[in-house]
Amino acid sequence: MSIKVPYEVKRNVLLNPGPSTTTDTVKFAQIVPDICPREAEFGGLMKGLREDLVKIVHGDLNEYTSVLFCGSGTINIDVCLNSLLPEGKKVLVINNGAYSTRAVEICEYYGLPHIDLKFPVDQRPDLDLVEKTLRENPDIALVHTTHNETGTGILNPIREIGALAHKYDAVFTVDTTSTYAMRPIDVSKDNIDFCMASAQKGLMAFTGLSFIVGKTAIIKESANYPKRSYYCNLFMQYDFFERTGEMHFTPPVQTIYATIQALKEYWAEGEEAKWARHTRVFNAIHEGLDELGFKDVIKRDEQAGLVVSAIYPDDPNWSFEKVHDYCYERGFTIYPGKISTTNTFRLCALGAIDEGDIRDFFKVFREALDTTGVTVPVMYK
Ligand SMILES: *Cc1c(COP(=O)(O)O)cnc(C)c1O
């Protein structure tokens with residue numbers, strides 16, 4: 001079924017870290033005849049969708065499965081941590097940013113025994129310290145970290161962390177929400193037991209659908225672990241799907257239609273070409289910022305290639321709000337940072353955009369600086 005686009009929707013270029021700019025075909029894929037999601041027709045759609053989600057990260061369907069949830073991306077972190085920890089065991093969170101801090105908070109809310117192994121937000125974790133912690137705490141059964149810390153844009157060495165987790169017999173869960181379907185991932189080579197994302201990020205669809213891709217054998221084993229949540233239990237959702245082909249509770253119907261269209265567009269573009277496009281966008285963002293004299297937070301070669309975190313200039317006329325509003329009125333959305341100690345804003349390379357959009361953005365951004373009286377190149381003390 002090809003999607004008809006009856007009219008062009010106003011195009012906004014979203015440079016925030018998700019939801020991302022979508023194509024009109026994905027937008028209009030949501031406009032379907034009303035359907036009860038308990039119908040077999042809808043179940044059939046979800047089966048193909050679940051397999052595609054595993055294939056994107058090169059998972060072997062005999063070994064990996066995907067489980068869908070209705071919610072934003074945080075639901076995945078919640079589900080993985082509360083469902084995959086055996087009785088009497090401990091979680092190790094390797095924490096160098098806002099999203100791993102969120103995982104720590106989830107552990108606190110569920111009362112899960114955990115170690116918050118903290119590193120500075122602008123640095124990669126020290127792997128020797130990770131190994132030492134694993135060695136000294138044989139009760140760690142689950143290691144969790146974030147692939148691309150979206151608050152700063154730092155890329156964490158998940159393959160190495162996964163290898164360490166496995167060396168000490170722990171399950172490795174990774175928050176790949178801001179890399180999945182953008183930066184290529186291979187669950188097996190990257191030592192990933194569970195990864196996760198939401199439809200509105202790399203897949204360029206809409207909010208409401210989140211999913212976990214992980215090892216079927218571990219999910220089955222977790223049937224005997226303590227049940228700490230009713231709505232957010234991984235085994236329960238998996239098992240219901242396997243037995244009935246449906247989500248346990250009402251799925252986000254329209255978002256699922258849009259995601260199926262987004263997956264078609266994903267395969268048509270191709271993993272390599274899509275990553276090359278995001279990289280072009282990322283490089284164009286850096287070029288634009290460099291030209292205006294902006295500094296960024298994370299070392300270039302440690303950035304995940306999807307988020308640039310730029311530091312506010314020391315110019316009395318600089319106002320993020322004013323610059324934001326000027327750009328927003330012209331169809332470009334920029335986003336504040338998420339680092340408590342440094343004032344930053346973010347420009348992200350997600351979504352159905354290309355380098356031409358970034359060049360257009362920088363014309364508007366430059367005008368915003370000029371009209372608000374910010375000196376260019378920008379000044380730092
Ligand atoms: C976007 C994002 C999430 C999910 O955040 P929600 O606000 O729940 O959608 C989780 N982890 C990372 C790394 C993200 O970038």
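Owing to the predicted nature of the structure, the values given are computational and were not obtained by experimental measurement.

Our next topic: the overall build of the protein chain. Helix and strand counts for the protein chain stand at twelve helices and 14 strands. In summary, the protein chain has a C-alpha radius of gyration of 21 Å against a globular reference of 21 Å for 381 residues, a match within 12%. Dimensions of the protein chain, computed from the C-alpha atoms along their principal axes, are close to 65 × 55 × 35 Å. Across the 381 residues in the protein chain, those meeting the buried criterion constitute 58%. For the protein chain, restricting intrachain contacts to residue pairs at least 6 apart in sequence, the fraction spanning at least 24 positions comes to 72%. Accessible surface computed for the protein chain: about 16,100 Å², of which carbon and sulfur atoms make up 51%. Of the charged side chains in the protein chain, 40 are positive and 52 negative; the average position of the first set lies 1 Å away from that of the second.

A few words on the packing of helix H11 (residues 320-329) against helix H12 (residues 355-371). For the pair H11 and H12, interaxial distance at closest approach is 9 Å and the crossing angle is 135 degrees. Relative to H12, H11 is oriented oblique. The way H11 lies across H12 gives a crossing that is right-handed. Contacts from Val323, Tyr326 and Cys327 in H11 reach Phe361, Val364, Phe365, Glu367, Ala368, Leu369 and Thr371 in H12. By residue class, the composition of the contact of H11 with H12 is eight nonpolar, one polar and one charged.

Most of strand E14 (residues 344-348) sits out of view: five of its five residues are buried. Neither face of E14 is open: one carries Thr344, Arg346 and Cys348, the other Phe345 and Leu347, and all of them are buried. Of the pairings in the sheet, the one linking strand E11 (residues 307-311) to E14 comprises five bridges and is antiparallel in character. Looking at E14, one finds that isoleucine 311 is bridged to threonine 344.

Among the 13 residues in the neighbourhood of the ligand, the closest are listed as Ser72, Thr74, Thr150, Asp175 and Lys201. Here threonine 74 contributes a side-chain N or O atom positioned 2.6 Å from an oxygen atom of the ligand. A distance of 3.4 Å separates an oxygen atom of the ligand from a polar atom in the side chain of arginine 102. Of the residues belonging to the shell around the ligand, the class tally is one nonpolar, nine polar and three charged.

This part covers helix H3 (residues 74-83). Across the ten residues that make up H3, a large majority, nine, are buried. Residues Ile75, Asn76, Ile77, Asp78, Val79, Cys80, Leu81, Asn82 and Ser83 constitute the buried set of H3.

Moving on, we come to the side chain of threonine 150. When you line up the elements, threonine 150 lands in the loop between strand E6 (148-149) and strand E7 (154-155). Looking at threonine 150, the relative accessible area reads 4%, which means it is buried. Discounting chain neighbours no more than four positions away, the residues touching threonine 150 are Pro17, Tyr99, Ser178, Val307 and Arg346.

Turning next to the pattern of salt bridges. Opposite charge on two side chains permits pairing when their charged atoms draw close. Overall, the coordinates contain 22 salt bridges when judged by the stated rule. Between aspartate 239 and arginine 243 there is a salt bridge; the shortest N-O distance is 2.9 Å. Taken together, the residues aspartate 239 and arginine 243, both in helix H8 (residues 234-244) and four residues apart, mark about one turn of the helix. If you follow the salt bridges from partner to partner, you end up with Arg280, Asp354 and Glu355 in one network.

Next up on the list: the packing of aromatic side chains. The geometry of an aromatic ring pair comes down to the distance between the two centres and the angle between the two planes. A complete count under the given rule lists 20 aromatic pairs for this structure. Seen from their ring centres, phenylalanine 294 and phenylalanine 365 are 5.7 Å apart, and the 45 degrees between their planes marks the pair as tilted. Of this pair, phenylalanine 294 sits in the loop between helix H10 (271-292) and E11 while phenylalanine 365 is found in helix H12, placing the two residues 71 residues apart along the sequence. With respect to burial, phenylalanine 294 and phenylalanine 365 carry one shared label: buried. An angle of 85 degrees between the planes, with centres 5.8 Å apart, marks the rings of phenylalanine 362 and phenylalanine 365 as edge-to-face. Taken as a pair, phenylalanine 362 and phenylalanine 365 lie in helix H12 at a separation of three residues, close to a single helical turn. Judged on exposure class, the residue phenylalanine 362 and its partner phenylalanine 365 are both buried. The structure contains a cluster of three or more aromatic residues connected by ring pairs, namely Phe294, Tyr312, Trp318, Phe320, Phe332, Phe345, Phe361, Phe362 and Phe365. Positioned over the ring face of phenylalanine 241 is arginine 50, at 4.6 Å from the centre of the ring.

Attention now moves to the sheet that holds E14. Here three strands make up an open sheet; going across it, the order is E11-E14-E13 and the pairing antiparallel. Whereas interior strands pair on both sides, the edge strands pair on one side only; in this sheet they are E11 and strand E13 (335-336).

Glancing now at the nonpolar core. Counting 51 residues, the largest nonpolar core has Leu68, Val143 and Tyr180 as the members making the most contacts within it. Counting residues per element, this core draws most heavily on helix H9 (residues 253-269), at eight residues. Ignoring sequence-local partners within four residues, the contact set of valine 143 consists of Leu92, Ile94, Leu134, Ile161, Ala165, Ala170, Val171, Phe172 and Thr173.

Conventions adopted
Within each chain, residue numbers correspond to sequence positions counted from 1 in written order. With the structure being a predicted model, the display of local features is reserved for residues of pLDDT at least 70 and the display and counting of side-chain atom pairs for 80 or more, all residues being used for whole-chain, interface and lining totals. As a rule here, side-chain values come from all non-hydrogen atoms in the structure, and water together with hydrogens is ignored. The secondary structure listing takes helices from DSSP runs of H or I that are at least 4 residues long and strands from runs of E that are at least 2 residues long, numbered from the N terminus. Computation of the radius of gyration draws on C-alpha atoms alone. For the globule rule, the value is 2.2 Å times the number of residues to the power 0.38. Residue exposure (1.4 Å probe, protein chains only): buried if accessible area is under 20% of the type maximum, exposed if over 50%, otherwise partly exposed. The contact definition used throughout considers only heavy atoms, calling two residues in contact when any of these lie within 4.5 Å. For the area figures, the Shrake-Rupley method with a 1.4 Å probe applies, and any residue is considered shielded solely by the protein chains shown. Asp and Glu count as negative and Lys and Arg as positive, but His and the ends of the chain are not part of the count. Charge placement uses NZ in Lys and CZ in Arg. For Asp and Glu, CG and CD serve respectively. A fitted line through C-alpha atoms represents every axis, and for helices the fit uses only the stretch in contact; the resulting angles, taken between N-to-C directions, go from 0 to 180 degrees. Oblique is the label for any angle not under 35 degrees, not over 145, and not in the 65 to 115 range, which are roughly parallel, roughly antiparallel and roughly perpendicular in turn. Crossing handedness is defined as follows: a turn of the near helix away from the far one that is anticlockwise and smaller than a right angle gives a left-handed crossing, while the clockwise case is right-handed. Basically, the charged four are Asp, Glu, Lys and Arg, the nonpolar ten are Ala, Val, Leu, Ile, Met, Phe, Trp, Tyr, Cys and Pro, and anything else, Gly included, counts as polar. A pair of strands is treated as paired once DSSP finds two or more bridges between them. Proximity criterion: a residue is near a molecule or strand once any of its heavy atoms comes within 4 Å of it. N or O atoms within 3.5 Å of each other form a polar contact, as long as, within protein, one can give a hydrogen and the other can take it, and as long as residues adjacent in sequence are counted only when both atoms are side-chain atoms. Salt bridge, as used here: a side-chain nitrogen of Lys or Arg that lies within 4 Å of a carboxyl oxygen of Asp or Glu. Working definition: rings of Phe, Tyr and Trp (its six-membered ring) pair if their centres are within 6.5 Å, and the pair is stacked with planes under 30 degrees apart, edge-to-face with planes over 60 apart, and tilted otherwise. Two conditions define a charge sitting above a ring: the NZ of Lys or the CZ of Arg must be within 6 Å of the ring centre, and it must be within 35 degrees of the ring normal. Joining through side-chain atoms within 4.5 Å is the link that ties buried Ala, Val, Leu, Ile, Met, Phe, Trp, Tyr and Cys residues into a set, and such a set is a nonpolar core.

Keep in mind that these numbers describe shape and distance, not what the molecule does.
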